[in-house]
Amino acid sequence: MTVPSMAIAADTANCLLASYPKSGNTWVRALLTALRGTGHVDLNDLEGTNRLANATLVEAEVAVDPTELTLDELDEVRAELYRRSHRPGSPYTFHKTHAVNRTLPSGRRLVDERCGRAIYVIRHPFDVAVSYSHFIAVDLDEIVTQMLNVHAVLDRPSSRRSNVLPECLSSWTEHVASWCVEPALPTLVVRYEDLLADTAQQLARIARFLGLDATDAAIAGAVESSRFDRLQQAEAETGFAMKPATAERFFRSGVRGEGGRTLSRDNRARLVAAFHQMMDRYGFAPNGDTVIIK
Amino acid sequence: MTLSYELHGSSYRSAIALPGYQPTDLPAERCIELGDVAGERRAAKVGGRLWSASDDEAFIDVPGVAAYRVHRGGITVQARGSIERVGALLRGTPLAASLMLGGATVLRGAAVLADPGVIVLAGAPGVGTSSLAGALIGTGAAPWSDRFVAIETRRGPLAARGPDGIELWHDMAAALGHDPAAASDVAPGIPKVVVGRTPCGESASPGPASAAVAAVFVVQRSIAAAFAVERLGALAATMELLSCHYHGPMAATLCADHLGAAARLAQQVPVFRVSSLWAASSRQHAIETLMEHVGSVRTAGAA
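The rules behind the values
Residues numbered from 1 in each chain as written. Chains lettered and ligands numbered in written order. Predicted model: local features only at pLDDT ≥ 70, side-chain atom pairs only at ≥ 80, totals over all residues. Heavy atoms only, no water. Pairing = 2+ DSSP bridges. Helix = DSSP H or I, 4+ residues; strand = E, 2+ residues; numbered from the N terminus. Contact = heavy atoms within 4.5 Å. Axes fitted to C-alpha atoms, helices over the stretch in contact; angles between N-to-C directions. Core = buried A, V, L, I, M, F, W, Y, C linked by side-chain atoms within 4.5 Å. Buried < 20%, exposed > 50% of the residue type's maximum accessible area, 1.4 Å probe, protein only. Parallel < 35°, antiparallel > 145°, perpendicular 65-115°, else oblique. Left-handed = near helix turned anticlockwise from the far one by under 90°. Nonpolar A, V, L, I, M, F, W, Y, C, P; charged D, E, K, R; others polar.

### Section: the sheet that holds strand β2 (residues 10-14) of chain B
Overall, mixed pairing links the 9 strands, which are arranged β3-β1-β2-β4-β9-β8-β7-β6-β5 (chain B) in an open sheet. Since the sheet does not close on itself, it has two edges, and those belong to β3 (23-24) and β5 (46-48) of chain B, each with one partner. With 4 bridges connecting them, strand β4 (residues 30-34) of chain B and strand β9 (residues 74-79) of chain B associate as parallel partners. Pairing of B:Cys31 across the sheet is with B:Gly74, part of β9(B). Sitting on the sheet, helix α2 (residues 55-62) of chain A touches β5, β6 (51-54) and β7 (57-62) of chain B, and the angle it makes with β6(B) is about 55°.

### Remarks on the nonpolar core
Grouped together as the largest cluster of nonpolar side chains are 119 residues, with contacts concentrated most on A:Trp172 and B:Tyr68. Sorting elements by how many residues they give to this core places helix α1 (residues 25-36) of chain A first, with 7 residues. Those residues within four positions of B:Tyr68 in sequence are excluded, and the remaining contacts are B:Ala58, B:Phe59, B:Ile60, B:Val62, B:Ile75, B:Thr76, B:Val77, B:Arg85, B:Val86, B:Leu89, B:Leu90 and B:Pro94. If you look at the next biggest cluster of nonpolar residues, it comprises 31 residues, including B:Ala110, B:Leu121, B:Ala215 and B:Val274.

### Description of the packing of helix α6 (residues 172-180) of chain A against helix α12 (residues 265-281) of chain A
All names here are of chain A. The interhelical angle for the contact between α6 and α12, taken along N-to-C directions, is 40°, at an axis separation of 9 Å. With respect to α12, the axis of α6 lies oblique. In the crossing of α6 with α12, the sense of the turn from one axis to the other is left-handed. Seen from α6, the contacting residues are Trp172, Thr173, Val176, Ala177 and Cys180; seen from α12, they are Ala274, Phe275, Met278, Met279 and Arg281. Split into classes, the residues belonging to the contact of α6 with α12 amount to 8 nonpolar, 1 polar and 1 charged.

Purely spatial values, then, with no claim about function.
Structure representation (structure tokens):
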């Protein structure tokens, strides 16, 4: 018997909005919010909340305290919830995630083609490092070390974060590979730098991927209401619940190429040595530039 | 191998070891057994994607660990993962559901045994009930229950004794003066340790299986407010107690008298609302404020 479900909307198709942290995920959420709604973007009511990182919502679905689950167990639960909630052909529910799409102890992936489809937002790792450093207020050496760590976990549990569930993050390159190289589900890769260069073109790609009937005017309207300066202004006026106490503001800079100028030679070398194959694959140059193809 | 346990006031014969509980030689009322949980189920009244409940049965599926079927005879477990993890998770919702079916009022939170009786700290996950319990242990109280507190309201109110310690996150254990490195984590990747046990693993305060409830503190996390304690009237207390039922939708289905039990408990004991700002700077003030109210309960009881 089907009984009412509490955390994840019924009868919708899943679309994962996946990225390594500070890669443009929230901007894509704002664009989708504007495109699917009236054009207005309420920062604190964006499409694609990370429901399965919320302990209360996960507990409503599984009935055990998710903070008592190991990371492997928690991801097995998430995998099952993504699979059971997916209704192909129905309107989309978006799910933000920063999790690596890893293979679980049961042999299944965290998400696969039975769970829906995914949009993966990718950004030059140098710029990710600078943005992430400001976001959690740690120095660049430490951020680079975290980006290299294949065992990295986001939001490790503690007494202060007990309603935010951890996600396995892994290294930047493992993260990208898990979603983009031989993807386990239909995946559209969107580069942050391409979004900056031509937002309307990239949003149109996203709309086509999702089968959304979006006119040029609707695309243009969504791009206009999701401009970086407008999001900054909205954050200043209404605040943004996603901003951690450690960050001065969520929407800080938004530009590309900052990492090439800011990171030390040593840190750039560390990242390139570990990530060069994936950087090359996505046009991220070792000097911090990104190849933009019009 | 089967073990007998006294679990929150009910006796079980169990095929699975349950960490944190001491085996007994009491005769068992119910059984925890390994078996196949597939097959015919009662029509569910409420549920999520991985659980369901009817009037006299609950089914809980934890992928990679186990499926649990809770019924009037006990709990049937279909193990899928390590038996240690199967037992660890059984101590949560499956056991709470079994106690609800037995008629207990099961509040989410922790409890300690202090001078006036059992002090129940109830509240939603993450509000800091175990942390407050850990703090009270530091003032001389003994651990009484953790994760949830099973209360018998028809003959009491009596709070049944739970596991033999309180689980705290590493950072909170350290903040309260415990050494997280001195004990092993409750499971790999879950940075919690148990405090309140004696070194040999036995309870710091062996004693009866149940004790009278002296007061219930309903804890709410408040970002804006400073730590504050307010005594509630009967109606407000009933509503707050209902909100603290362990897994409310399941409790409302399995425990037919859950509303009446909350109302009785609100009449039987003082119920306080605690707005908890659990910052390091206010911790000492919070403990002192809480102890003042515990003291007022003791004084009223003596009078």
